[in-house]
Amino acid sequence: MENTNQQQVAIVTGGGSGIGLAIAEKFTQNKIHTVIVGRDEKKLEKAKKQLGEYCYPMICDISNLACIPAFIEKVISKFGQIDTLVNNAGINMKKEFIEVTDEEFQRVITTNLCSVFAISREVVKHMLKRGSGSIIHISSMAAQYGLPKVIAYSASKTAIDGMTRAMAVELSPKGIRVNAIAPGFIETDMTAKALNEDPERKQKVFGRTPMGYMGKPRDIGEAALFLASDAARYITGVVLPVDGGNSVGF
Ligand code: NDP
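Residues numbered from 1 in each chain as written. Predicted model: local features only at pLDDT ≥ 70, side-chain atom pairs only at ≥ 80, totals over all residues. Heavy atoms only, no water.

Enquirer: How would you explain the overall build of the protein if you had to name every residue and give the values?
Expert: In terms of helices and strands, the protein carries eight helices and seven strands. Rg of the C-alpha trace for the protein: 17 Å, near the compact-globule value of 18 Å for 250 residues, within the 12% margin. Taken over the C-alpha atoms alone, the protein extends approximately 50 × 40 × 35 Å along its principal axes. Looking at the protein as a whole, 52% of its 250 residues qualify as buried. The contacts of the protein with a sequence gap of at least 6 include a subset with a gap of at least 24, amounting to 72%. Taking the 30 positively charged and 26 negatively charged side chains of the protein as two groups, their mean positions are separated by 3 Å. (Helix = DSSP H or I, 4+ residues; strand = E, 2+ residues; numbered from the N terminus. Rg over C-alpha atoms; globule rule 2.2 N^0.38 Å. Buried < 20%, exposed > 50% of the residue type's maximum accessible area, 1.4 Å probe, protein only. Contact = heavy atoms within 4.5 Å. Lys, Arg positive; Asp, Glu negative; His and termini not counted. Charge placed at Lys NZ, Arg CZ, Asp CG, Glu CD.)

Below, the structure is given as structure tokens:
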């Protein structure tokens with residue numbers, strides 16, 4: 001077992017790129033031992049080089065739900081504890097409503113929702129033993145208002161918001177805070193692809209973002225660090241928009 005010297009241990013799914021990488025960067029800069037999870041070994045190794053000694057890459061395809069209990073056990077046997085879980089890994093799929101197959105719908109739901117439930121359930125079993133922990137889900141503007149052509153993604157993220165509230169009321173009395181961050185439009189591979197292929201959508205995004213520009217992954221990193229920290233000890237059950245005002249934009 002690693003000697004963590006009573007320090008904090010976090011898991012960030014999808015921590016090898018984009019928003020997850022920025023969250024892992026904030027955590028490691030603050031000396032939080034941070035397990036980053038993904039499928040692509042090269043991506044994780046590159047992130048490890050960037051983040052340094054507090055970063056621990058681990059491979060797991062979270063859409064393979066049957067592997068999750070053993071994966072969390074592996075983390076526990078290495079570190080002995082998990083203080084913070086950030087359920088960040090996610091996929092998007094942009095397609096006309098009637099073109100989406102059942103398999104495609106299910107694939108998004110499995111990665112963005114079922115895995116979040118399964119990972120949280122396994123982590124909570126350990127957090128309950130210590131009577132403390134913080135869980136942060138990554139939601140989306142797709143759960144705040146209607147976005148066309150992302151039906152499965154919207155369904156998954158809206159369910160995440162409901163799960164945040166249900167988990168918070170059940171787990172907060174036992175010392176586990178559960179919150180979500182709803183990023184607005186943040187500059188990552190995911191949004192670059194979605195917006196560059198659709199100039200009209202890009203125009204709409206900027207048109208209703210009062211701050212007038214896209215957010216950076218580090219903006220979400222700052223919010224996650226806050227929610228994970230003792231500074232947020234009385235905050236649970238919230239879905240925090242970090243969106244330059246997009247969710248309230250006219
Ligand atoms: P990226 O595509 O840059 O990163 C997604 C990460 O998730 C990758 O590191 C990928 O790693 C990992 N991942 C995907 N599927 C799996 C899987 N089956 N098992 C393990 N890891 C997986 O996306 P973003 O950084 O943009 O998005 C991160 C989160 O933020 C998502 O939940 C997204 O919905 C949300 N979000 C993003 C917004 C934005 O503007 N960018 C806006 C609102 C929400 P690997 O390839 O190694 O598997």
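Picking up after the structure, the text goes on.
Enquirer: Residues and numbers for the packing of aromatic side chains, please.
Expert: This model, assessed by the stated rule, comprises one aromatic pair. Against the face of Y56 rests K48, its NZ or CZ located 5.9 Å from the ring centre. The aromatic ring of Y145 is capped on one face by R208, whose charged end is 3.9 Å from the ring centroid. (Phe/Tyr/Trp six-rings, centres within 6.5 Å; stacked < 30°, edge-to-face > 60°. Lys NZ or Arg CZ within 6 Å of the ring centre and 35° of its normal.)

Enquirer: So what about the nonpolar core? Which residues, and what values?
Expert: By size, the foremost hydrophobic cluster in this structure holds 33 residues, and its most contacted members are I11, V35, I72, V75, I82, V123 and I135. Breaking this core down by element, the ones donating at least two residues are β1 (9-13), β2 (33-38), β3 (55-59), α3 (68-79), α4 (102-130), α5 (151-171) and β6 (176-183). Top element by residues in this core is α4. It accounts for eight residues. (Core = buried A, V, L, I, M, F, W, Y, C linked by side-chain atoms within 4.5 Å.)

Enquirer: Tell me about unusual backbone geometry, residues and numbers included.
Expert: Even without glycine at this site, K31 takes up a positive phi of about 60 degrees. Accessibility expressed as a relative area gives 48% for K31, which makes it partly exposed. The residue K149 is not glycine, and still its phi comes out positive at about 70 degrees. Position of K149 among the secondary structure elements: in the loop between β5 (133-138) and α5.

Enquirer: Requested: an account of the pattern of salt bridges, with residues and values cited.
Expert: Should the charged atoms of two oppositely charged side chains come close, the side chains can pair. A complete count under the given rule lists seven salt bridges for this structure. The closest approach of N and O atoms between E222 and K26, which form a salt bridge, is 3.2 Å. With E222 in helix α8 (residues 217-228) and K26 in helix α1 (residues 18-29), this pair connects stretches of sequence that are 196 residues apart. We classify K26 as buried; its relative accessible area is 17%. Here E122 makes a salt bridge to R121, at a shortest N to O gap of 2.9 Å. Taking the relative accessible area as the measure of exposure, R121 reaches 35% and is therefore partly exposed. Each of R121, E122 and K125 takes part in a single network of salt bridges with overlapping partners. (Salt bridge = Lys/Arg side-chain N within 4 Å of Asp/Glu carboxyl O.)

Enquirer: Outline the layout of surface pockets, listing residues and values.
Expert: Gaps left between atoms show up when a probe the size of a water molecule is rolled over them. If you add up the space inside the largest pocket, you get close to 1300 Å³. G90, I91, N92, T188 and M190 are the residues nearest the centre of the largest pocket, which is lined by 49 residues in total. At the level of elements, α1, β2, α2 (41-51), α4, α5 and α6 (189-196) are the ones that each hand at least two residues to the lining of the largest pocket. Considering every element that reaches the lining of the largest pocket, the biggest residue donor is α6, with six residues. (1 Å grid on protein atoms, 1.4 Å probe; cavity = no way out; pocket = protein on both sides within 12 Å on 5 of 7 lines; lining within 4 Å. Points joined across faces, edges and corners; volume = space filled by probe spheres on them.)

Enquirer: Explain the site of the ligand residue by residue, including any values.
Expert: Taken together, 29 residues form the shell around the ligand, and within it R39, K43, N88, Y153 and T188 come nearest. In this structure, C60 approaches the ligand through a main-chain N or O atom, which is 3.5 Å from a nitrogen atom. In this structure, N88 approaches the ligand through a main-chain N or O atom, which is 2.7 Å from an oxygen atom. Relative to its unbound accessible area of 890 Å², the ligand is 93% covered by the protein chains. Judged by the proximity of its atoms to the pocket grid, the ligand belongs to the largest pocket. Breaking the shell around the ligand down by element, the ones donating at least two residues are α1, α5 and α6. By residue class, the composition of the shell around the ligand is 11 nonpolar, 13 polar and five charged. (Near = heavy atom within 4 Å. Polar contact = N/O pair within 3.5 Å; in protein donor to acceptor, adjacent residues only side chain to side chain. Areas by Shrake-Rupley, 256 points an atom, 1.4 Å probe, with all protein chains shown as cover. Sits in = over half its atoms within 2 Å of the grid points. Nonpolar A, V, L, I, M, F, W, Y, C, P; charged D, E, K, R; others polar.)

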